[in-house]
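Below, each chain spelled out in residue letters.
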Amino acid sequence: MDLIWADFLIPRERERERERVLEPVSLSVDSNSTFTPIDHRSDGMDRRLQFAFVLLCLGLLSSTARSDLVVSKAERLVDLNSHIVRVLSKLKVENEGPDDVSEVLLALPDAQAKNLAAIRTFYSDGKLGFVLPTEPIEPKGMPSDVTYYSIALPKKLGKGKTVSLDVLSIFTRSLKPFPEEITQAESQLVVYTDNMYYTSPYPVKYQSLVFRLPGRVESYTKYPKVELVKSELRYGPFEMQPAFSYSPVVVHFENNNPFAVANELVREIEISHWGNVRVTEQYTISHGGASLKNGFSRIEYQARPYMRGASSFRILIAKLPARAHSVYYRDEIGNISTSHLWGDSQRTQLEIEPRFPIFGGWKTTFTIGYSLPLHDFLFEADGGKRVLNMTFGCPLDEVLVEKHIVKVVLPEGSKDITVATLFPTKQSEDVKYSHLDILGRPVVVLEKDNVVPEHNLYFQVYYKFNNISLLSEPMMLIVGIFLLFVACIVYMHTDLAISKTSSSYLEKLQWEEVQATVQHIKNIFDQYLAVHDKLESSLRDLSRSGDVQSCKAARKAADAQFKELAKELKPLLTFLQSCSQASSILPKIEELVTKEKEMQEKEMAKHTTVVDCFEKKLGGKDIESRIASQQQKLTSLKQEVESLLDSISEI
Amino acid sequence: MATSKVEGSSSLRHAFGGVLSVFILFLIGVVAFSIRLFSVIKYESVIHEFDPYFNYRVTQFLSKNGIYDFWNWFDDRTWYPLGRVIGGTVYPGLTLTAGTMWKLANSLNIPLSVETVCVFTAPIFSAFAAWATYLLTKEVKGPGAGITAAAILAMVPSYISRSVAGSYDNEAVAIFALIFTFYLYIKTLNTGSLFYATLNSLAYFYMVCSWGGYTFIINLIPMHVLLCIVTGRYSSRLYIAYAPLVVLGTLLAALVPVVGFNAVMTSEHFGSFLVFIIIHVVALVYYIKGILTPRLFKVATTLVLTVGIAVCAVVVAILVALVASSPTKGWSGRSLSLLDPTYASKYIPIIASVSEHQPPTWPSYFMDINVLAFLVPAGIVACFLPLSDASSFAVLYLVTSVYFSGVMVRLMLVLAPAACIMSGIALSEAFGVLTRSMKFHITKYFECSHTEAPAKLGESTSTESSAPLENMTKSDTTEKPEVARKEKVARRKQKKEKELTENAHVKPVSAKKERRPLVLPLEASIVSVFLLIVLGGLYVLHCVWAAAEAYSAPSIVLTSHSHDGLHVFDDFREAYAWLRHNTEVDDKVASWWDYGYQTTAMANRTVIVDNNTWNNTHIATVGTAMSSPEKAAWEIFNSLDVKYVLVVFGGLVGYPSDDINKFLWMVRIGGGVFPHIKEADYLKDGQYRVDAQATHTMLNCLMYKLSYYRFVETDGKGFDRVRRYEIGKKHFKLTHFEEVFTTHHWMVRIYKLKPQKNRIRGKSRKSKLGSKSTSSKSGGMTHKNPWN
């Protein structure tokens, strides 16, 4: 799985080679050059000039290498509106040689090629449009300080036939701020340098060049065939230029559009098969334009924000997928409250404002996070695999990402992971431990430098995952809590005393026994009370039905029960008396027993009185008066017994 | 059948009571935790205020570098160029607690950030504190009072103010430690168990780790021991409760680097040693009394007394001499200001300048403990009926904490648990009395209807009017007694819930009392119960309001409600984020000490002074710089390697606690060390003002200039919304400083020290060079610049 692609965007070896070639030549050019090679940037300019010379010399020498192809028409449109430069070259290539040709070569000067972020060729055969594969190659016998790209044609180009190709190449860091330091009030001026002629290994019959500019033009290379119309600067048309023609063109113009550069972006996509995809994006954003000098004055910025601080940017807009929810925007010291979120069924738009306006050279960091519904991004693939389909790039508008890292965190237990991207990336694997993981979650790490909005294409991650493993973590929790309870139960039921003969241990045991006995006694007394209640209820029955016999039977039964209970109580009492530790409770219990005895007597007496009265058929009032005194005593006794019971129960 | 049921129900009642109180305690914990989350819900999960940022930073360091690096951490980001040894100057309890919690979560692969753990430490520990309160009050007055006190403590505003989510300060764990230590002390006192005594020392150790307030414990417990001895309550339990605490506790306390030998060398701890000696003498006396006959004992007493007094006098004399030889009499400044409330304002302006060190006002008592203030006296009365060792401790705790809270607003926090315990006791006793009398009346009523029943023979059953009886008659005759039993059980359960306290007392005294209860009329008790519930309801409402409105603001984010909705002022973090990302890592930032911790934690830049005000001279240096004219200030700052100066300015939006309002303290503190700064120079007729009548010195000092630089351009007049007048000097230029950043609402302004100008040879050339506008600038510069 360790597919490390050679990053074609930084052809280091070739760069070194070029320097070797240049060395002898630079001596000859030195006298012509007005630049002194101290500053790095002017060094670049210097190289460019040297490069022009070399190109001209070499171009003349080796132009016959593949001369059967001719570019019959080349129209270039250079869009300089943003800090990402987009060059659209519309080519018509004609085969003038006798043989069929299956590939077309593109050439880019190395100075430009090192800033190239992406190159893409569009081809249309009338109905359908294609994107043709465009690969860097190193052909033999060609000038070596030029980077070549080969376009594989869909079908061979016969003799005399032409083909139309649209080549979109995207360059970053091609706009150099000049001056390099500006104050808050000034606007930002940048310089763009290019070849006036289309750099091609083939002769070009007809060509033109158009710069689309965002605003005022400070200066530009004067040339007979040039016109400035509104915001467009047009060079050409030029006819019949040989291969590798070169003439520098420099445009110096005002560009206050945000030069937002993400020095690093870490995008973590975490998949949960419970139905969620969580995306966390950590940005380090800086302003790539002319740096600010003389400090920042809030009063000027607030009074006239568009004039005083035109070069800065305050707002970034992120286009998130539809149905994004739980969006947050924060940095390492907390939430950033200046953001707005809109959404409809097509997309979600997040407008974020960093804590402070970003001026040239300033930097800030923040994190955006959001969640997405899983079923929008995860699909079933062939062979029982699942496929995650997500966009690769950064959701912020017109931001250049210098170092882009995408981490896809797959659920624990995923296997057979493969990744498919439309452009080469550096891939590696990692493991992340999160929420109760044991094995860890496999992480696919994709790295790519110089990512532009055009890289915002879908990529796919294929993997195998068994749904059963979803349950492992809940099961683990359940088992864990179950074991905890088991441990508690075991702890409560085991005797952890070290010495079984120590006096305190024995005392404790005895005390437990006493407690158990007291509990038992209490139960017996509760039963006593129940029997009392039964007697009372039998009296009530009597008053209703007048059934004297059943009432008597109830009394007999109660009497028997009382005796039984008394028998039961006796051994317990003797045990308590023998125990030294029970001495504090014993008087209370004894009191309870006597009270209960008294109560029983009273109850029986009352019962007999009532029954007698019934047998004598006395009136209700009469009975009441007879038992009134007994009743009163009974009530107070009962209350005392109950309160005693309560106080005992608290031991 | 009936018997088995009865047996089952009584054991079930026990189990039910236990489960219910566990459940109630769990709910109390939930309340304590969730009432503190208002700050997270209304604002965000963020660390609050000033000190918590330092603790947060230390915790981050601990979690990243481990415990050994933490002990040896020399922090070079603060007190530049002195630095600070963090490991030896910080109370590590809080940090270690949060660090351990974080580590535990991470070892279970729960990805919590250190910040999250820190934010939620305080609410978690307030739940623990509520449970500790339950235990303590249960030891004092039984479980009923315990549960009531725990419920009250869970939401007492005074404690909430220091333990909302995000308030990651020492007090967050210290209050729990305090209460728990007291609980273990009382538990030891009640049981006489050496096991609890050991636990008590460990709890004390945790308290020493957590907060400087541990001296309260080590003075309060000896006071209580002394009280017990004096009132003739000496027992072996008291000895076991105290002696191990002093020995083990002092040994353990000395292990904490920040305390070290202070545990035996400062006056705060002397009281405990004195009582330690006394308790041994008393123990000896009791022992001798046991083995001697009364007559012999009398002889021995007189003998020992004469010798003893002589020895004591010598020891005391030595002690006094030792103590008197130290300049502060062995007491730290903060403790001294506790004993003498006027001490700080007289001698230590740094302590006096902190608002939380001021004495509280009456409204703040009402705000912070609300109705508890009225319940406390009742609680004290209840503690005296009857007075036990435990309840005397509760009373003593209350009395001392009331005194301390009167000295410093901050110590209201210590009063809060005491007030809660007292109120819990009061409420629970009141409920006990009232429900008991209600129950008495109701049972009497039932008994009456029971006895009347047989009398009404032959009459229709419907005349038996009470509802339970109706039920009874309707049901099947054989089940009747059971139903009655059930009723009784239910009633008893009810009673048990309400009256756990009363019954808890196994002591014969209370049992006897119960037999002849103090019975109030039924109506009166119903009304009283109702009123008590209303009182409790009001308290809860107040607490929720206080938690939601008064104490939830994190103070680094400010909000204001205006007619067009909520407005957020996030200027502090804006400035700190700017400093963090757009200055060099080693740049030094000077600001008043209030913002030191935040600058190091949020901006990660080196500061000159911070909230750990250990070096008065250093703070005075910054104060002097702020109150000096520009050039002198530049020299001071330059000598300190300062690159940026940060001032907080509230004049534009009306934020009152800005640097101009604190400025007089800077002058005072600066003047205390550097006498050329005189407070009188900044006052016009004894009044502090920055308008047109302000003194020349005031209008030319650095703080004024940095605060109001180009302020007049905002509205053309320079109207200061905090001071509510136009500023004195409106148009001026800065010569030695340049503005590099001002936040959106101007609340934080950052200036950079201008570099020294290149030396220009020859005065004539200089005058030619200088244009009209810059001549005054560079002229001033070259004339006064000491490096020229």
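No experiment lies behind these values; they were computed from the predicted model shown.

Calculation criteria
- Residues numbered from 1 in each chain as written.
- Chains lettered and ligands numbered in written order.
- Predicted model: local features only at pLDDT ≥ 70, side-chain atom pairs only at ≥ 80, totals over all residues.
- Heavy atoms only, no water.
- Helix = DSSP H or I, 4+ residues; strand = E, 2+ residues; numbered from the N terminus.
- Buried < 20%, exposed > 50% of the residue type's maximum accessible area, 1.4 Å probe, protein only.
- Polar contact = N/O pair within 3.5 Å; in protein donor to acceptor, adjacent residues only side chain to side chain.
- UniProt positions renumbered as here; feature names shortened; annotations may be inferred.
- Core = buried A, V, L, I, M, F, W, Y, C linked by side-chain atoms within 4.5 Å.
- Contact = heavy atoms within 4.5 Å.
- Expected span 1.5 Å × (residues − 1).
- Pairing = 2+ DSSP bridges.
- Salt bridge = Lys/Arg side-chain N within 4 Å of Asp/Glu carboxyl O.

Points about the environment of Q515(A)
Tracing the sequence through the fold places Q515(A) in helix 6 (residues 503-545). For Q515(A), a relative accessible area of 30% corresponds to the partly exposed category.

A closer look at the side chain of R57(B)
All names here are of chain B. Along the chain, R57 turns up in helix 3 (residues 51-65). The class of R57 is buried, set by a relative accessible area of 10%. Side chain to side chain, R57 and D75 meet in a polar contact 2.9 Å long.

Topic: the UniProt feature "transmembrane region" (unreviewed entry) in chain A
UniProt's entry tags residues 474-492 of chain A with the feature "transmembrane region" (unreviewed entry), counted in the numbering of this structure. End-to-end, the C-alpha atoms of residues 474-492 of chain A are 27 Å apart, and along that stretch the chain is 100% helix and 0% strand.

Observations regarding the nonpolar core
If you look at the biggest cluster of nonpolar residues, it comprises 195 residues, and the most contacted ones within it are F366(A), L396(A), F459(A), F182(B) and I750(B). A total of 14 residues in this core trace back to one element, the largest contributor, which is helix 23 (residues 412-455) of chain B. Other than its neighbours up to four places away in sequence, F459(A) contacts I269(A), L388(A), N389(A), M390(A), T391(A), F392(A), V406(A), V408(A), V419(A), A420(A), T421(A) and L446(A).

Details of helix 31 (residues 616-627) of chain B
Residues and elements named next belong to chain B. Look at helix 31: 16 Å from first C-alpha to last across twelve residues, which is about the 16 Å you get at 1.5 Å a residue. Most of helix 31 sits inside the fold, with ten of its twelve residues counted as buried. Within the span of helix 31, buried status applies to H618, I619, A620, T621, V622, G623, T624, A625, M626 and S627. On its buried face, helix 31 is in contact with helix 19 (349-352), helix 32 (630-639), strand 7 (642-648), helix 33 (659-673) and helix 35 (702-708). One side-chain oxygen of the residue at the start of helix 31 lies 3.1 Å from the amide nitrogen of T617, identifying that residue as N615.

Some points on the sheet that holds strand 16 (residues 248-254) of chain A
Pairing within the open sheet is antiparallel, and its four strands lie in the order 9-11-16-13 (chain A). Both outer strands of the open sheet, strand 9 (176-177) and strand 13 (217-220) of chain A, are each paired with one neighbouring strand and no more.

Regarding the pattern of salt bridges
Throughout the structure, instances matching the rule amount to 53 salt bridges over all chains. Measuring nitrogen to oxygen at the nearest pair gives 3.3 Å for the salt bridge that ties R216(A) to E254(A). Placement of the pair is R216(A) in the loop between strand 12 (204-212) and strand 13 and E254(A) in strand 16, with a sequence separation of 38 residues. The exposure class assigned to R216(A) is partly exposed, which follows from its relative accessible area of 45%. The closest approach of N and O atoms between K187(B) and E139(B), which form a salt bridge, is 3.3 Å. Placement of the pair is K187(B) in helix 10 (residues 170-191) and E139(B) in helix 7 (residues 114-141), with a sequence separation of 48 residues.

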